[in-house]
Structure formats: C-alpha cells, structure tokens
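Analysis of the macromolecular model
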Number of protein chains: 2
Amino acid sequence: MIEGAHMVTLSDVAKQANVSKMTVSRVINHPEQVTPELKQLVEDAIIALNYQPNSVAKALANNRTNVIKVAILEDIDTTEPYYMSLLFGVAKGLDRKGYALQLVTDRARLSVGNVADGFIVTGARSEDIPLIDSLSQPTVIFGENHNGYDFIDTDNKEGTALATAYALAKSYQSVIFIGIDVKESFEYSREAGYINTLQQHKIVPKIHRMGNHSHQSQAFVNDNWRKFARNTCFICASDRLAIGVERAIIQNGGNIPNDFAVIGFDGVFLDQVANPQLTTVKQPVQKLGELLARMLIQKIAQSGAQQGELLVSPELVKRGTTRN
Amino acid sequence: MIEGAHMVTLSDVAKQANVSKMTVSRVINHPEQVTPELKQLVEDAIIALNYQPNSVAKALANNRTNVIKVAILEDIDTTEPYYMSLLFGVAKGLDRKGYALQLVTDRARLSVGNVADGFIVTGARSEDIPLIDSLSQPTVIFGENHNGYDFIDTDNKEGTALATAYALAKSYQSVIFIGIDVKESFEYSREAGYINTLQQHKIVPKIHRMGNHSHQSQAFVNDNWRKFARNTCFICASDRLAIGVERAIIQNGGNIPNDFAVIGFDGVFLDQVANPQLTTVKQPVQKLGELLARMLIQKIAQSGAQQGELLVSPELVKRGTTRN
DNA sequence: TTGTAAGCGTTATCAT
DNA sequence: ATGATAACGCTTACAA
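Per an unreviewed UniProt entry, chain A goes by Transcriptional regulator YvdE.

Pasting the structure below:
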C-alpha cells in the first residue's frame with residue numbers, strides 16, 4: 001500500500017500559478033471567464049502538480065452527493081443476468097462523470113439516508129407510481145411507461161416486428177406468439193409488433209400467454225403438441241419462454257429448425273446457453289444502461305427538466321433455431 | 001417531486017437542545033463521552049427535527065470519500081449471473097454503512113479519479129498482483145489466493161467433498177471429476193475435495209479438465225460415451241460444465257438419475273435453467289458479497305489492519321440429476 | 001477579469 | 001464533560 005503524500009489542492013495549484021484559488025476554480029468550471037494567458041498558466045500548474053479535484057469538497061460546496069441510487073424493484077430471486085449488463089452500463093456511464101451508485105432493492109430504503117442526486121428506477125410496476133412520485137430528486141425510468149416519466153427502453157414493438165417478418169421471410173407457415181401474462185407496457189408493445197406485422201400479411205395472430213418460466217412454456221408446447229402443424233415458428237416474449245419451447249420441441253422429436261423454429265427475446269446469457277443456440281431479439285442492454293446514466297446526468301444538470309422518452313432499436317440475432 | 005425544505009443540520013439540533021454542535025457530534029460519534037442527561041436532550045432533538053447527518057460533510061471532514069471501488073477483472077462477455085448476486089450482497093453491505101460503490105471493469109480506471117476509501121477485487125489472476133499491490137487504500141479480495149491478501153471465498157474443498165461423499169452414499173460406482181483447466185487456487189481446492197474423499201474410500205480419482213464451457217463438456221461426454229459404465233456420477237467444477245454433461249447424457253439416451261448422475265458447482269441461475277434441474281454445490285454468493293463489504297469496512301475502520309481469510313461453507317442442493 | 005471573504009456541514013484540537 | 005475555533009477543499013457572492 002502506498003500512503004497518500006500530501007494531497008494537491010486548489011491552493012497548491014493557485015500558488016504554483018501565482019493566481020488566486022478562484023482563478024483556478026474558474027479555469028476548471030467556467031474557463032470562458034478567464035483570460036487565455038492566466039488559463040495557460042493554471043493549466044500548466046495543474047499538469048505539473050497532477051492536480052485532481054476533490055469531488056467530496058466539490059459536492060459539499062454544491063450541495064450534492066455525487067451518488068445516484070439505482071433501484072431494482074423487480075423480484076430477482078432468479079438473479080436475472082439481464083440486470084448485470086444493465087448495471088454495468090449504468091456504472092460505466094456514471095463513473096465517467098464521477099458519480100458513484102447505490103444499489104437499492106428494498107423499496108423502503110430508496111429515500112432513506114443520505115439521499116442521492118438522482119434516481120434510476122427499473123422493474124417498476126403500476127403500484128410503484130406513488131413511490132416514484134415521492135422521490136425528491138431527478139429520476140429516470142428503465143422500461144416503457146405511459147405515466148409521463150422520462151424513460152429509456154428497447155423498442156419492443158420493433159423487436160417482435162423484426163422477428164415476425166423474419167419468420168415469414170423464412171417461409172414458416174404458422175407463426176405463433178408466446179407471451180407473458182402481465183399487464184405491462186413492454187408486453188403490449190411486443191404483442192403489437194407481432195400483430196401488426198401479421199396483419200400486414202393478412203394473417204390472423206395467435207397469441208398464448210403464460211408466466212415467464214421455461215417450464216410453463218415447455219408444458220404448454222408439450223400439452224398441445226399435436227395441434228402444431230409442421231413449419232411453425234414460435235415467437236417468444238422472452239428467452240426464458242423460448243428455451244422451454246425449444247426443449248419441448250426436442251422432447252417431442254420435432255426437427256429444429258426445419259419443421260419448427262423458435263425466436264426468443266432479450267439476448268442476454270440464456271440465448272447462448274440453449275442448445276441449439278437461440279435466434280433472438282437482442283436488446284442492447286449495456287448501452288441502455290449507459291444511456292440511462294447519461295439521461296439522468298443531463299436531467300440533473302438541467303435542474304430536473306423533462307427528458308422525454310428514448311426507444312433503442314434491438315437487433316435480430318440469427319442462430320440455430322431458425323432456418324438459414 | 002418534493003423540493004427539499006431547509007436541510008436540518010447539526011447546528012439546528014444543537015440550538016434545539018441548547019448545546020453546542022460538538023456535543024451533538026459527540027452524541028453521534030462518541031456517545032460515551034457525553035453525560036446521560038445531555039445525551040437524552042440531544043437524542044430527543046434529533047428525533048424531533050428528524051436530523052439526518054450529511055455524509056458528504058462528514059466525508060470531507062474525515063478525508064474520506066464514502067465510495068468503495070468494486071473491480072470485476074474477469075472477462076464477462078458472457079455476463080456471469082454470478083456477479084449479479086455478489087454485487088447485490090456487496091451493495092447491501094455497503095449501503096447499510098452509507099457507502100456507495102463504483103463498479104470498475106477496466107483495469108486502467110481502478111486508481112483513476114477521486115480514489116476510494118477501499119477496494120474489493122474479484123476475478124483477479126496472478127498477473128494482477130502488481131495492480132493489487134499498487135492500490136493506495138485497504139483492499140479485500142473475492143476468491144481464495146495464497147499471496148497474503150485478505151480474502152473471502154466459498155470453501156471449495158468442502159463443496160466437492162460434500163458432492164463426492166453424496167455420490168458415494170447414493171451408491172454410484174464410478175465418480176468422475178470434470179474440472180476446469182486453469183491454474184487457479186479455487187480449482188485446486190475443488191479437485192482436492194474430490195480426491196481426498198475418494199481416497200478415504202480407497203478409490204482412485206479420475207479427473208478430466210477442459211475449458212469452462214457447456215459445449216466442451218458436452219463434446220467430451222459424447223466423444224467418450226461408450227467408456228462410461230452405467231452407475232456413473234459426474235462431479236463438475238461448475239454448473240456450466242454440468243449442463244453440458246447433462247445434455248450429452250440425454251442425447252445419448254442415458255437415464256438420469258438412475259444410470260448417470262450429474263452434480264454441478266455454483267448454484268447460480270444455470271442450475272435452475274437445466275432440465276432436469278441440477279443437483280449442485282450452491283455457493284452463498286450474496287452472503288459472500290455482504291461479508292466482503294463487512295470485512296472491508298472493518299479493515300478501513302482499523303486503518304488497514306490485516307483481516308485474514310474467510311471460507312464460507314457451501315450447501316449441497318439435491319435435485320433431479322441425482323438419485324433420491 | 002481577478003481576488004477576497006464567507007460559507008457548505010462536519011470533526012479535531014485545544015480550552016475551560 | 002462541554003464548548004469555541006479552526007480546518008477539510010471547494011464555490012458563490014461580492015468587491016476591486
């Protein structure tokens with residue numbers, strides 16, 4: 001361990017450059033307010049001394065904390081790998097601007113303690129609206145919603161539209177949607193992308209909904225196996241569902257991808273664990289995390305101004321569960 | 001959004017209680033130094049005003065940052081769900097003590113910027129030793145090592161010993177170990193637990209090592225299928241390997257768990273995705289994270305004093321891939 | 001444009 | 001045991 005020699009402060013730089021502390025502060029925060037000559041002197045001194053601003057002091061003076069609270073409200077008994085990627089993105093985006101984060105899973109701890117400069121909320125359901133409204137600092141949401149909150153999400157509709165169009169292009173005759181039985185925006189959008197695309201081809205949609213567990217979709221396909229004609233593609237609202245469908249098809253001796261196809265949604269971890277690996281709508285999860293951080297930081301800089309919504313295009317990753 | 005009324009400070013509490021700021025500060029940090037009567041007065045005032053200490057000011061006065069950097073050095077292209085649980089544990093442990101965290105994956109960014117009060121390092125390999133040595137603040141490691149660093153890990157040896165003993169107790173005749181071909185402490189320990197237990201029963205160990213990918217173990221079992229007698233249990237150094245073994249057995253028409261058994265290691269996410277679900281050595285990952293936070297916080301409080309090593313017992317979770 | 005002074009909320013130090 | 005004062009490193013407000 002290297003023990004910290006004397007920390008270099010604004011005063012040190014000021015002395016070195018023969019100016020006042022304020023001039024140094026201005027060079028850093030409002031460089032346009034200082035003459036080029038002085039600016040140069042100060043910048044040289046900063047480099048010479050390897051000055052690193054003390055973010056804690058800065059935070060105190062600005063009445064900030066430099067901390068963003070990230071709430072994951074969804075139940076993660078299953079430890080969704082999804083959130084790992086998201087968190088990495090968020091952490092990366094925050095780190096760059098000198099913010100640290102506090103991870104919160106307990107709703108009660110969200111507004112407790114040394115509150116934060118802002119909040120990123122994920123996995124929120126309708127019943128969390130009062131909680132979100134009660135937050136005292138700028139907040140952005142991960143996941144589409146129609147409550148007027150600033151949010152970022154994958155373009156879910158586009159995702160299933162891509163998948164459905166691809167299934168049709170690959171000449172699968174029957175295209176069935178396996179959805180999640182929750183009344184949430186993202187699910188409606190995923191179904192809409194499927195429905196719209198089919199209707200453009202004058203085909204009647206077939207949707208089945210169930211809990212988001214591989215064994216449920218597996219059981220569903222098993223139970224109805226004889227009803228599925230050959231040349232069917234299952235479009236699933238999650239990779240979890242897709243993996244169950246895939247297993248059931250294999251169990252029943254169905255040929256993937258010639259007679260049956262499966263397309264998942266998410267593209268995080270599970271799709272690669274499947275065998276064969278899933279064709280899936282891959283969400284740019286880490287990028288979404290970075291965008292969340294960026295949006296929140298900007299919102300903070302603009303004293304909480306509305307940021308609107310941002311839908312990011314997913315990518316259809318073509319693999320073993322659909323025809324070439 | 002609720003805009004913060006005037007923040008309650010030490011001074012406010014002091015005024016309310018008719019004491020000096022210092023007395024209030026002492027009640028909070030060194031309560032033994034203040035008389036019971038005053039202490040009571042101050043505590044009442046704190047409650048009456050709902051005083052929350054400003055951690056930023058505290059940090060400045062103490063020359064702290066209230067930030068812990070968490071380094072995940074392992075390549076996580078595959079987004080190991082493992083780290084999600086660990087991070088949750090760490091975050092929970094830190095949060096309770098008012099620390100925030102910064103997630104670092106880029107080695108170069110570890111010591112950059114407004115450095116932290118301490119470091120938690122995971123996924124470190126031998127080549128990272130210089131990096132760890134260069135850290136300027138108290139550090140604890142996740143993962144066993146013999147370089148003298150304070151660390152916390154699952155008791156790997158105990159884990160595979162449990163698994164092996166269980167396989168023998170369930171009367172599997174042949175017990176084969178599928179290991180990971182890395183020269184790391186954790187792998188040696190896992191192999192040792194297996195070897196020791198077999199030797200106690202005068203049985204000769206059989207170990208095969210490969211990369212930690214399900215398709216590699218799957219290929220291995222496929223390629224050698226005819227060499228495996230019935231009544232064989234495969235003890236795997238990871239759930240990833242186990243899932244590949246399981247798939248290969250099913251592909252070859254082997255009966256699980258009557259003729260062939262599989263025991264994994266980790267117990268994070270993958271074990272439940274498998275079908276049938278894996279019997280596995282479950283690491284208490286989230287708890288490990290909390291312990292890491294706790295150890296580091298204590299180390300900081302003790303000005304960096306050595307904390308030693310801590311091995312936590314895993315649990316054998318009995319499921320579908322072994323006999324009842 | 002630049003500098004001076006005061007203040008952010010806390011704690012350490014030294015008196016009393 | 002309690003209190004007054006200075007200090008942590010920075011920024012805002014005002015003066016020059």
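Don't stop here, the text continues.
Describing the side chain of B:N231
All names here are of chain B. Looking at where N231 falls in the secondary structure, it is placed in the loop between α9 (214-223) and β8 (232-236). Within the local environment of N231, its side chain forms a polar contact with the side chain of R323, the two groups lying 2.8 Å apart. Apart from the residues within four sequence positions on either side, N231 is in contact with S171, Y172, Q173, S174, N258, D259 and R323.

Description of the relation of the copies chain B and chain A
The transform that puts chain B on chain A rotates by 180 degrees and translates by 0.1 Å along the axis, for an RMSD of 0.2 Å. On the angle and the small slide along the axis, the relation comes out as a two-fold axis. For chain B, the minimum C-alpha distance to the rotation axis belongs to B:P81 and amounts to 2.3 Å. Both copies share a contact surface, since 98% of the interface residues of chain B are interface residues in chain A too.

Comments concerning the state of the cysteines
Where two cysteines share a covalent bond between their sulfur atoms, that bond is called a disulfide. Residue and element names in this part refer to chain B. Enumeration according to the criterion identifies zero disulfides over all chains in this entry. Free of any disulfide, C233 has its nearest neighbouring cysteine sulfur in C236, separated by 8.1 Å. Taking relative accessible area as the criterion, C236 reaches 0% and is therefore assigned buried.

Looking at the protein's contact with DNA strand D
Near DNA strand D there are 26 residues, and of these A:L10, A:Y51, B:T23, B:R26 and B:T35 occur at the shortest range. For DNA strand D, the backbone makes up 61% of the atoms found within 4 Å of the protein, where backbone means sugar plus phosphate. Interatomic distance of 3.5 Å between a backbone N/O atom of B:A61 and a base oxygen of DNA strand D. Here the surface near DNA strand D gets five residues from one element, more than from any other, and that element is helix α2 (residues 21-29) of chain A. Residue classes in the surface near DNA strand D are distributed as 13 nonpolar, nine polar and four charged.

A few points about the sheet that holds strand β10 (residues 279-282) of chain A
Residue and element names in this part refer to chain A. With mixed pairing, six strands are arranged side by side in an open sheet as β7-β6-β8-β9-β10-β12. The two strands at the open ends of the sheet, each matched to only one other strand, are β7 (206-210) and β12 (315-317). Taking each pair of neighbouring strands and ignoring which way they run, the sheet shows an average axis angle of 20 degrees. The pairing of β10 with β12 spans three bridges and is classified as antiparallel. Bridging from a neighbouring strand, T280 pairs with V317 of β12. Across the sheet, helix α9 (residues 214-223) touches β6 (174-180), β7 and β8 (232-236), and the angle it forms with β7 is around 135 degrees.

Focus on the environment of A:I72
Within the secondary structure, A:I72 is located in strand β1 (residues 67-72). The residues touching A:I72, leaving out its near neighbours within four places in the chain, are A:Y83, A:L103, A:V104, A:T105, A:T122, B:M84 and B:F88.

Description of the packing of helix α1 (residues 10-17) of chain A against helix α3 (residues 36-49) of chain A
Residue and element names in this part refer to chain A. At their nearest, the axes of α1 and α3 sit 9 Å apart, and the two run at 120 degrees to each other. One way to sum up the angle between α1 and α3 is to call them oblique. For the pair α1 and α3, the crossing hand works out as right-handed. Together, D12, V13, Q16 and A17 of α1 and L41, V42, A45, I46, A48 and L49 of α3 make up the contact between the two elements. For the contact of α1 with α3, a count of residues per class yields eight nonpolar, one polar and one charged.

Regarding helix α3 (residues 36-49) of chain B
Residue and element names in this part refer to chain B. Taking 1.5 Å per residue, 14 residues should reach 20 Å; α3 reaches 20 Å between its end C-alpha atoms and fits that length. Where α3 is buried, its residues contact α1 (10-17) and α2 (21-29). The positive-phi residue at the C-terminal boundary of α3 is N50, with phi of around 55 degrees.

Observations regarding the protein's contact with DNA strand C
Looking at DNA strand C, there are 26 residues lining it, with A:T23, A:T35, B:L10, B:S25 and B:Y51 nearest. The sugar-phosphate share of atoms of DNA strand C within 4 Å of the protein amounts to 61%. A distance of 2.6 Å separates a base oxygen of DNA strand C from a polar side-chain atom of A:R26. At a separation of 2.5 Å, a phosphate oxygen of DNA strand C approaches a polar backbone atom of B:L10. Every element with two or more residues in the surface near DNA strand C is listed here: α2 and α4 (55-62) of chain A together with α2 and α4 (55-62) of chain B. When residues in the surface near DNA strand C are grouped by element, the largest group, five residues, is from α2(B). Taken together, the residues that form the surface near DNA strand C break down as 13 nonpolar, nine polar and four charged.

So, the interface of chain B and chain A
Between chain B and chain A, the residue contacts involve 54 residues of the former and 53 residues of the latter. Together chain B and chain A conceal approximately 4,400 Å² of surface at their shared face, both sides included; 62% is due to carbon and sulfur atoms. Our count for the chain B to chain A interface comes out at two salt bridges. Residues B:D95 and A:R109 are paired through a salt bridge, measuring 3.0 Å at the closest nitrogen-oxygen approach. In this assembly, chain B and chain A are joined by seven residue pairs in polar contact (both at pLDDT 80 or more). For the side of chain B that touches chain A, the secondary-structure elements that each account for two or more residues are α4, β1 (67-72), α5 (81-96), β2 (100-104), α10 (239-251) and α11 (270-273) of chain B. Looking at which element gives the most residues to the side of chain B that touches chain A, the answer is α5(B), with nine residues. A class-by-class count of the residues in the side of chain B that touches chain A yields 27 nonpolar, 18 polar and nine charged.

Thoughts on the environment of A:G308
All names here are of chain A. Inspection of the secondary structure puts G308 in the loop between α12 (285-301) and β11 (309-312). Residue G308 is classed as partly exposed on the basis of its relative accessible area of 28%. Separated by 160 residues in the primary sequence, G308 and G148 place their C-alpha atoms 8.1 Å from one another. Setting aside its immediate chain neighbours within four residues, G308 contacts D150, F151 and M295.

Here's the deal with the UniProt feature "domain: HTH lacI-type" (unreviewed entry) in chain A
In the numbering used here, UniProt assigns the feature "domain: HTH lacI-type" (unreviewed entry) to residues 8-62 of chain A. Taken end to end, residues 8-62 of chain A is 71% helix and 0% strand, and its first and last C-alpha atoms sit 20 Å apart.

Some thoughts on unusual backbone geometry
In most cases, non-glycine residues show a negative phi, while peptide bonds are predominantly trans. With omega at 5 degrees, the peptide bond leading from A:I256 into A:P257 counts as cis. A positive phi angle, close to 60 degrees, is found at B:N18, a residue other than glycine. Topologically, B:N18 is positioned in the loop between α1 and α2. Residue classification places B:N18 among the exposed residues on the basis of a relative accessible area of 72%. At B:N66, a residue that is not glycine, the phi angle is positive and equals roughly 65 degrees.

What counts and how
Residues numbered from 1 in each chain as written. Chains lettered and ligands numbered in written order. Predicted model: local features only at pLDDT ≥ 70, side-chain atom pairs only at ≥ 80, totals over all residues. Heavy atoms only, no water. Helix = DSSP H or I, 4+ residues; strand = E, 2+ residues; numbered from the N terminus. Polar contact = N/O pair within 3.5 Å; in protein donor to acceptor, adjacent residues only side chain to side chain. Contact = heavy atoms within 4.5 Å. Least-squares fit on C-alpha atoms with pLDDT ≥ 70 in both. Disulfide = S-S within 2.5 Å. Buried < 20%, exposed > 50% of the residue type's maximum accessible area, 1.4 Å probe, protein only. Near = heavy atom within 4 Å. Nonpolar A, V, L, I, M, F, W, Y, C, P; charged D, E, K, R; others polar. Pairing = 2+ DSSP bridges. Axes fitted to C-alpha atoms, helices over the stretch in contact; angles between N-to-C directions. Parallel < 35°, antiparallel > 145°, perpendicular 65-115°, else oblique. Left-handed = near helix turned anticlockwise from the far one by under 90°. Expected span 1.5 Å × (residues − 1). Buried area = accessible area lost by both parts, 1.4 Å probe. Salt bridge = Lys/Arg side-chain N within 4 Å of Asp/Glu carboxyl O. UniProt positions renumbered as here; feature names shortened; annotations may be inferred.

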